[in-house]
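Chains, contacts and geometry: an overview
Chain by chain, the residues:
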Amino acid sequence: MKELNLNIYQVIKILLRALDHIDVRLVDHGHRVAYIVYKMLQVDGSYNEREMQEICIVTALHDIGAYKTEEIDHMMRFESADVFDHSIYGYLFFKHMSPLRKWAEVVLYHHMNYDMYQHLDRKHLQIADMIHLADRVDVMLQKGEQSLSLEEMARQQNLHFGTHAIELFQKVSEQHDLSGNIKNGSYLNELMDFGTTAEYSEETLLEFIRMIAYSIDFRS
């Protein structure tokens, strides 16, 4: 059998190009949210490098379920009450059609408000909360607003977002010019350099390639 001459960087680039042809808005949004979460994970320090890389890949694709729905326009306005179907589709996609199935619940709960977490007994809710907050931040930045204000975060604490995610984001904001890095595009090289250096077996890379095939036909 001929050796597979691919790495995760090449596979992810092919996947993103395929999704670009469906709706470029979600690809760009996913990159920006993944970058914000990446910086939050660095400050948190609870995850090893491999876990952080996989979380970044999943976060970049956290809205993949929307390719199967009509929710994209609502999502770009952050009308979260109308966008739960894509979280379910995305969860099923990662659970059954990807090699990152252990992170599937992150996708399922990434639009759930923090005050509902008490009713759940699930792993990775802390990451879902980070994605939820980063998602809101990106939508606001794209609308021309600087970010969530400290006052607004205080009002939403333990309702929409947990204290830990808010504290992480505030620390990141003090250390990095998130909006500047996103605006000038430098964030993308940093994210790709980190998220695509992981080494995967040939078998896992083949799973990623199958994931591309599934994603291309996802909308139908």
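These lines cover the structure that appears in this document, whether it is placed above or below. (Residues numbered from 1 in each chain as written. Predicted model: local features only at pLDDT ≥ 70, side-chain atom pairs only at ≥ 80, totals over all residues. Heavy atoms only, no water.)

1. Examining the overall build of the protein
Put simply, the rule reads: For helices the rule is a DSSP run of H or I covering at least 4 residues; for strands it is a run of E covering at least 2, with both sets numbered from the N terminus onward. Summary of the burial criterion: residues with accessible area below 20% of their type's maximum are buried, those above 50% are exposed, and those between are partly exposed, where the area comes from a 1.4 Å probe applied to protein chains only. Pairs of residues are marked as contacts when any of their non-hydrogen atoms sit within 4.5 Å. Computed with a 1.4 Å probe, the accessible areas rest on the Shrake-Rupley method; for each residue, only the protein chains presented here act as cover.
Helix and strand content of the protein: 12 helices and zero strands. The N-to-C order of helical and strand elements in the protein reads α-α-α-α-α-α-α-α-α-α-α-α. Counting every position in the protein, which comprises 220 residues, the buried fraction comes to 50%. Here the contacts in the protein between residues at least 6 apart in sequence split such that 72% fall between residues at least 24 apart. Here the protein has roughly 11,000 Å² of accessible surface; of this, 48% comes from carbon and sulfur atoms.

2. Comments concerning the nonpolar core
Under the convention used in this document: What makes a nonpolar core is a set of buried Ala, Val, Leu, Ile, Met, Phe, Trp, Tyr and Cys residues whose side-chain atoms join them at distances within 4.5 Å.
Ranked by size, the top nonpolar core spans 58 residues in total, and within it Met 40, Leu 61, Phe 94, Leu 133 and Phe 169 carry the most contacts. For this core, the leading source of residues is helix H2 (residues 24-44), giving nine residues. Each residue touching Met 40, except ones within four places of it in the same chain, is listed here: Met 130, Leu 133, Ala 165, Leu 168, Phe 169 and Val 172. Judged by nonpolar contacts, the second largest core, of five residues, contains Tyr 109, Met 112, Tyr 117 and Ala 128.

3. Things to note about the packing of aromatic side chains
This is how the line gets drawn: Note on ring pairs: Phe, Tyr and Trp rings are taken, using the six-membered ring of Trp, and paired if centres are within 6.5 Å. Classes follow the plane angle, with under 30 degrees stacked, over 60 edge-to-face and the rest tilted. Charge-over-ring contacts are defined here by two conditions on Lys NZ or Arg CZ: a distance within 6 Å of the ring centre and an angle within 35 degrees of the ring normal.
Counted by the stated rule, this structure contains five aromatic pairs. With a centroid separation of 5.3 Å and 70° between ring planes, the pair formed by Tyr 200 and Phe 208 is classed as edge-to-face. The same class applies to Tyr 200 and to Phe 208, which are both buried. Over the ring of Tyr 200 we find Arg 50, and its NZ or CZ is 4.1 Å from the ring centre.

4. A few points about the environment of Gln 42
One can find Gln 42 in helix H2. Along the primary structure Gln 42 and Met 52 are separated by 10 residues, whereas in three dimensions their C-alpha atoms are 8.4 Å apart.

5. Focus: the pattern of salt bridges
Oppositely charged side chains can pair when the atoms bearing their charge come close. Quick reminder of the rule: The working definition used for a salt bridge is a side-chain nitrogen of Lys or Arg within 4 Å of a carboxyl oxygen of Asp or Glu.
Under the definition given, this model contains four salt bridges. Of the charged contacts, one joins Asp 138 and Arg 32 as a salt bridge, the two residues approaching to 2.5 Å between their closest N and O atoms. Of this pair, Asp 138 sits in helix H7 (residues 125-142) while Arg 32 sits in helix H2, and the two are 106 residues apart along the sequence. Of the two residues, Asp 138 and Arg 32, both sit in the buried class. Residue Arg 50 pairs with Glu 54 through a salt bridge whose shortest N-O separation is 3.4 Å.

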